[in-house]
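Observations on chain architecture
This is what each chain is made of:
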Amino acid sequence: MRQVPHPPSPLGVVGDGRVARHVLHYLQLLGLPAETWSRRECARDPVDTLASCPTILLLLRDAAILPFIEAWPALRRARLIHFSGILVTSAAAAAHPLMTFGDRLYDLATYRRIPFVVDAGGPPLAELLPGWPNSSFSIAPADRPAYHALCALAGNGSSLLWLKLFETLETRFGIPAAAAHPYLSQVTANLRDDGLRALTGPLVRGDRGTIRTHLEALAGDPFRDVYAALVEAYDNRA
Ligand SMILES: NC(=O)c1ccc[n+]([C@@H]2O[C@H](COP(=O)([O-])OP(=O)(O)OC[C@H]3O[C@@H](n4cnc5c(N)ncnc54)[C@H](OP(=O)(O)O)[C@@H]3O)[C@@H](O)[C@H]2O)c1
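Residues numbered from 1 in each chain as written. Predicted model: local features only at pLDDT ≥ 70, side-chain atom pairs only at ≥ 80, totals over all residues. Heavy atoms only, no water.

Topologically, T55 is positioned in strand β3 (residues 55-58). Apart from residues lying up to four places away in sequence, T55 is in contact with P10, L11, G12, A78, R79, I81 and L128. (Helix = DSSP H or I, 4+ residues; strand = E, 2+ residues; numbered from the N terminus. Contact = heavy atoms within 4.5 Å.)

Given below as structure tokens:
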């Protein structure tokens, strides 16, 4: 007689913030079961609620992860995993998704493309999150703060620069922010396709006069120092 395969065990998901919403949506798209607990929505304690879960994802604010484990030590009978880029602890394994998660949910293809960064020497992603088809890379735990700092600088740093342009176009020049969207799309496409060759403008041309004029035009604006720091960083590239 053929054996009926066991259904996969549910993945425990703690938290109901942005990443938790994305993870639950992804699990639904993959057809994988989940049990959820958040302090807002569950009257029961998390140990009872997640009793059937061999693995529990702690998708909490970084600073709340360790206090949560300490508050519910019985949860440690399960494999605990967090998605924080910087938290290093023996109490839970790290699997950092190299992605940004906002309010809007993504489609299955987008979720499947997200690489995860796990700890070198620790369990591989296929063991941490069985059934997830994502690729993964491993780095030394001690390198994770530097890795995550650069992720945040690239993602949020570039967003802040674009928001500054959008807002200034609208408020100072009466130009709709959307007028800069083709520029943003092309910068992204060039970066992806050509890497370093995506850089153009006075920096690459070595046009110091134009850079000086730009810095003078931004006098008194905090973004003047950001521009100057970027020029310095470009000059110091190996
Ligand atoms: N967002 C991203 O783009 C991104 C990308 C990669 C990795 N991550 C990582 O994913 C994790 C979750 O981030 P997120 O963006 O989803 O954060 P978030 O939207 O701010 O959600 C945080 C969640 O933590 C809960 N929480 C906070 N303090 C708590 C406490 N003391 N006890 C119980 N629950 C508590 C919040 O509940 P309340 O609403 O009740 O406060 C909320 O459900 C973090 O480790 C983050 O570093 C995020």
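Having seen the structure, we can now continue with the description.
With that settled, consider the side chain of S84. Relative to the helices and strands, S84 resides in the loop between β4 (79-82) and β5 (93-97). There is a polar contact of 3.0 Å between the side chain of S84 and the backbone nitrogen of L87. Beyond its immediate stretch of four places on either side in the chain, S84 contacts D62, I65, H96 and R144. (Polar contact = N/O pair within 3.5 Å; in protein donor to acceptor, adjacent residues only side chain to side chain.)

For the rest of this paragraph, the subject is helix α1 (residues 18-30). In this model, α1 (13 residues) spans 19 Å end to end at C-alpha, consistent with the 18 Å of a helix rising 1.5 Å per residue. Of the residues making up α1, those classed as buried are A20, H22, V23, Y26 and L27. Viewed end-on, α1 has its buried residues packed into an arc of 160 degrees, placing them on one side of the element. Away from the buried face of α1 by more than 90 degrees, exposed residues R18 and Q28 are located. (Expected span 1.5 Å × (residues − 1). Buried < 20%, exposed > 50% of the residue type's maximum accessible area, 1.4 Å probe, protein only. Arc of directions from axis to C-beta.)

This paragraph deals with the site of the ligand. Not every one of the 20 residues close to the ligand is listed here, only the nearest: D16, V19, R39, D62 and F101. D16 is positioned such that a nitrogen or oxygen atom in its side chain is 2.7 Å from an oxygen atom of the ligand. The separation between an oxygen atom of the ligand and a polar main-chain atom of V19 is 2.8 Å. With the chains in place, 77% of the 910 Å² that the ligand exposes on its own is no longer accessible. Listing elements by their share of the shell around the ligand, those giving two or more residues are α1, α3 (62-71) and β5. (Near = heavy atom within 4 Å. Areas by Shrake-Rupley, 256 points an atom, 1.4 Å probe, with all protein chains shown as cover.)

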